[in-house]
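What follows is each chain in one-letter form.
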Amino acid sequence: MSVIQTFAPGRVNVIGDHIDYLGGHVLPMALKLGTHVRLQWIDGDQHRAISSSHGQARWPVDNPPAPCGHWYDYLIGALGDLPQATRIEIVSDLPQGAGLSSSASLLVALVAARAELMHQPLDRLSIARRARQIEIEHIGLKCGIMDQYASAFGQKGHALLLDCQAQTHQPVQLKMDGAELWAIDSKAPRSLAGSVYNERVAECAEIGRLAGTDDFFAIDIDLPEPLDRRLKHIQSEQKRVHSFATAAAAGDLRAMGQIMNDSHRSLSEDYEVAGPALDKLQSCLANTVGCFGARMTGGGFGGCVIALVRSDARDMVQHRVALEYGDTQWIQCKPSDGARVL
Ligand code: GLA
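The structure contained in this document is the topic of the report that follows. (Residues numbered from 1 in each chain as written. Predicted model: local features only at pLDDT ≥ 70, side-chain atom pairs only at ≥ 80, totals over all residues. Heavy atoms only, no water.)

## As for the overall build of the protein chain
Thinking step 1. Within the protein chain, the regular secondary structure consists of nine helices and 12 strands.
Thinking step 2. Over its C-alpha atoms the protein chain spans a radius of gyration of 20 Å, differing by no more than 12% from the 20 Å that the globule rule assigns to 342 residues.
Thinking step 3. The C-alpha extent of the protein chain, read off along each of the three principal axes, is 60 × 50 × 35 Å.
Thinking step 4. Sorting the 342 residues of the protein chain into buried and exposed places 55% on the buried side.
Thinking step 5. As displayed, the protein chain has an accessible area near 14,400 Å², and 49% of this comes from carbon and sulfur atoms.
Thinking step 6. Each charge class in the protein chain can be summarised by its mean position, and for the 32 positive and 39 negative side chains these summaries are 5 Å apart. (Helix = DSSP H or I, 4+ residues; strand = E, 2+ residues; numbered from the N terminus. Rg over C-alpha atoms; globule rule 2.2 N^0.38 Å. Buried < 20%, exposed > 50% of the residue type's maximum accessible area, 1.4 Å probe, protein only. Areas by Shrake-Rupley, 256 points an atom, 1.4 Å probe, with all protein chains shown as cover. Lys, Arg positive; Asp, Glu negative; His and termini not counted. Charge placed at Lys NZ, Arg CZ, Asp CG, Glu CD.)

Right, dumping it as structure tokens:
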């Protein structure tokens, strides 16, 4: 029987966090690392899954369990309605739970594989939308489309200037002569990430209700604390995305770094999604000679900081982080291609 194989990358967001679910503009890129899925029909009445990161799981075809916090909730969300048993193999080289969209990469690879298996191939946007829908409806994270879109549409050598309202993007080349972007995993637990994320989404709904519009980038009313700070982040972050894209097109490393630092401050103080570990890591990086700037990336509360580092100073910066912050994992951010059937 035929075996379907797909790959979908993780992503790092260069700038523009917590505005995708409001229809903002963001600047993610797909990574080289990601998730491979092998999917095939098998005989029997149970789906069988095996994952390089999580081990094995099985569930009955005619009675898939409801989501309950297991790693295979994602598999059931994507494949639970298949009429016949399958074998699912998952191999990932992305650090799990580090804020590099290991879950979006898994879902995009699964949705693409399922479509192939059913002989109903989907275009990239439909794959991204379906993967997001599973994350929202099955997993319960009221996320935007950024992660799934970046995983589906990634383009080698380019970040994606993504308009989350229109769900379209422009490829953007980041000119960084003599410098590199690194995602640095803080290794801090992300236990609060989901609940605070949904809390912020609810606060935004309240802002929209008070302002009588869902055009968050045009709202101009006095809001009670902390909603005033939330809106300040939303509106300033959107502007920073465009200033960063302009600075990056000109290769202005200092301006890029400064905008990254400003973005972190806004996410930490106004949107309050960074947490002490990301604050400590960002400040250590931003205050080290050889690092132009740094910011948390993704949902926050643990996960990664992304830093713009002078190539010839990388060892020194790494050393300083090890001394001052402690254990981290460094992943170089090279913009890579999006999801594919292999
Ligand atoms: C998570 C979500 C995304 C986005 C980021 C924050 O990664 O899945 O949709 O909201 O957080 O920018």
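And the narrative resumes.
## Remarks on the site of the ligand
Thinking step 1. Taken together, R11, D17, H18, D20, Y21, C143, G144, M146, D147, Y197, G298 and G299 make up all the residues around the ligand.
Thinking step 2. R11 places a side-chain nitrogen or oxygen 3.0 Å from an oxygen atom of the ligand.
Thinking step 3. Between the ligand and Y197, the relevant distance is 2.5 Å, taken from an oxygen atom to a side-chain nitrogen or oxygen of the residue.
Thinking step 4. For the ligand, whose unbound accessible area comes to 310 Å², protein coverage reaches 94%.
Thinking step 5. Residues that form the shell around the ligand fall into these classes: four nonpolar, four polar and four charged. (Near = heavy atom within 4 Å. Polar contact = N/O pair within 3.5 Å; in protein donor to acceptor, adjacent residues only side chain to side chain. Nonpolar A, V, L, I, M, F, W, Y, C, P; charged D, E, K, R; others polar.)

## A few points about a positive patch on the surface
Thinking step 1. Where like charges cluster on the molecular surface, the positive patch consists of K32, R124, K156, K334 and R340.
Thinking step 2. Structurally, R124 can be placed in helix α3 (residues 124-139). (Patch = residues over 30% accessible without salt bridge, like charges linked within 9 Å, V, L, I, M, F, W, Y side chains within 5 Å. Salt bridge = Lys/Arg side-chain N within 4 Å of Asp/Glu carboxyl O.)

## Side note on helix α6 (residues 227-250)
Thinking step 1. If you check α6, its first and last C-alpha atoms are 35 Å apart, about what 24 residues at 1.5 Å a residue would give, namely 34 Å.
Thinking step 2. Residue G251 follows α6 closely and has a positive phi angle near 70°. (Expected span 1.5 Å × (residues − 1).)

## Considerations on unusual backbone geometry
Thinking step 1. Between E225 and P226 the backbone carries a cis peptide bond, its omega angle lying at 0°.
Thinking step 2. At S101, a position not held by glycine, the phi torsion is positive, near 65°.
Thinking step 3. By secondary structure assignment, the location of S101 is in the loop between β5 (86-92) and α2 (102-117).
Thinking step 4. Non-glycine residue Q167 carries a positive phi angle of around 55°.
Thinking step 5. Position of Q167 relative to the elements: it lies in the loop between β6 (159-163) and β7 (168-172).

## Focus: the pairing of β5
Thinking step 1. Burial along β5 is one-sided: T86, I88, I90 and S92 are buried, while R87, E89 and V91, pointing the other way, are not.
Thinking step 2. Pairing between strand β3 (residues 46-51) and β5: four bridges, direction parallel. Bridge pairing links A49 to I88 in β5. (Pairing = 2+ DSSP bridges.)

## Here we look at the packing of helix α7 (residues 253-270) against helix α8 (residues 276-286)
Thinking step 1. One can describe the packing of α7 onto α8 by two numbers: an axis separation of 11 Å at closest approach and a directional angle of 160°. It follows that α7 is roughly antiparallel to α8 by the angle criterion. Where α7 crosses over α8, the handedness of that crossing is left-handed. Touching N261, H264 and S268 of α7 are L278, D279, Q282 and A286, all from α8.
Thinking step 2. Residue composition of the contact of α7 with α8, by class: two nonpolar, four polar and one charged. (Axes fitted to C-alpha atoms, helices over the stretch in contact; angles between N-to-C directions. Parallel < 35°, antiparallel > 145°, perpendicular 65-115°, else oblique. Left-handed = near helix turned anticlockwise from the far one by under 90°. Contact = heavy atoms within 4.5 Å.)

## Brief notes about the pattern of salt bridges
Thinking step 1. In this structure the tally under the stated criterion is 21 salt bridges.
Thinking step 2. Here E206 makes a salt bridge to R209, at a shortest N to O gap of 3.0 Å. Of the two residues, E206 and R209 are both situated in helix α5 (residues 193-211); the distance of three residues between them amounts to about one turn of the helix.
Thinking step 3. The exposed category is assigned to R209, whose relative accessible area is 54%.
Thinking step 4. Residue E225 is joined to R229 by a salt bridge in which the shortest nitrogen-to-oxygen separation is 2.4 Å.
Thinking step 5. If you follow the salt bridges from partner to partner, you end up with E199, R200, E203, E225, R229, R230 and E272 in one network.

## What to know about α7
Thinking step 1. Helix length check: α7, at 18 residues, gives a terminal C-alpha distance of 25 Å against a target of 26 Å (1.5 Å per residue), a fit within 8%.
Thinking step 2. Listed in full, the buried residues belonging to α7 are L253, M256, G257, I259, M260, N261, S263, H264, S266, L267, S268 and D270.
Thinking step 3. As for α7, its buried residues are in contact with β1 (4-15), β8 (179-185), α6, α8, β9 (291-296) and β10 (304-310).
Thinking step 4. Looking one or two residues past α7, E272 carries a phi angle of roughly 55°, positive in sign.

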